[in-house]
Amino acid sequence: MNNAPTVKKTLLVSTYHFYLDPSNGAAITTRELLHALALLGWRVHTFCGCALDFQDKRNPVEFLESRGIAPKRIVDSTQTCGYSLVNFQDGAIHSTLFLPEDNSHMPSPQMGEKFLPILNQIIGVARPQILATYGVIG
């Protein structure tokens, strides 16, 4: 029997679509897959935007608040493009939500320019063996 320690693999999924969107089939399926991987011992992280598929164009801040998550605004040094980063746990899955100050479901080019460097920082912290993405930024 091999007594070598098992190295946990780390997966980071990044998309501008909201990871917890219950109206998006891709988000629902991705979430189920990530929970299954976490049960198998994977470290799972998500970094997502706030794009929702709700027909009523629900406000992402209200959606978060209905789940007890209060975003804390982080504003860039130029004071021109504010955004929030909201960290939350979904079971064993650590998630970070990128939330533009205007709560836009689709990113402006300026918000895309903010999203990608933050993703780079999260990659540096999480150090995933696998990075999965879908969708388009900016």
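Definitions and cut-offs
- Residues numbered from 1 in each chain as written.
- Predicted model: local features only at pLDDT ≥ 70, side-chain atom pairs only at ≥ 80, totals over all residues.
- Heavy atoms only, no water.
- Buried < 20%, exposed > 50% of the residue type's maximum accessible area, 1.4 Å probe, protein only.
- Helix = DSSP H or I, 4+ residues; strand = E, 2+ residues; numbered from the N terminus.
- Pairing = 2+ DSSP bridges.
- Right-handed = clockwise from strand over helix to strand, strands pointing away.
- Disulfide = S-S within 2.5 Å.
- Phe/Tyr/Trp six-rings, centres within 6.5 Å; stacked < 30°, edge-to-face > 60°.
- Salt bridge = Lys/Arg side-chain N within 4 Å of Asp/Glu carboxyl O.

Novice: What am I meant to see in the pairing of strand β1 (residues 10-17) here?
Specialist: The side chains of a regular strand alternate, residue by residue, between the two faces of the sheet. Of all eight residues that make up β1, seven are buried, and the element is covered over most of its length. Strand direction decides the pairing type here: β1 and strand β2 (residues 43-51), joined by seven bridges, are parallel. Directly across from T15, in β2, lies its bridge partner C48. This β-α-β element, β1 to helix α1 (residues 25-39) to β2, shows right-handed connectivity.

Novice: I tried to follow the state of the cysteines on my own but got confused; where do I start?
Specialist: A covalent bond between the sulfur atoms of two cysteines is referred to as a disulfide. In this structure the tally under the stated criterion is zero disulfides. There is no disulfide at C48, and the cysteine sulfur nearest it, in C50, is 8.6 Å away. Here C48 falls in the buried class, since its relative accessible area comes to 1%.

Novice: Is there a simple way to think about the packing of aromatic side chains in this case?
Specialist: The geometry of two aromatic rings is summed up by the distance between their centres and the angle between their planes. Evaluation of the coordinates by the stated rule reveals five aromatic pairs. Judged by centre distance (5.4 Å) and plane angle (90°), the ring pair of F98 and F115 falls under edge-to-face. One end of the pair, F98, is in strand β5 (residues 93-100); the other, F115, is in helix α3 (residues 109-126), with 17 residues separating them in the sequence. In this structure, F98 and F115 share a single accessibility class: buried. Grouped by ring-pair contacts, the aromatic residues Y16, F47, Y83, F98 and F115 constitute a single cluster.

Novice: Would you mind showing me how to read the pattern of salt bridges here?
Specialist: Close approach of charged atoms allows side chains of opposite charge to pair. What the rule picks out here adds up to one salt bridge. For R31, the salt bridge goes to D90, with nearest N and O atoms at 2.7 Å. With R31 in helix α1 and D90 in strand β4 (residues 82-90), this pair connects stretches of sequence that are 59 residues apart.

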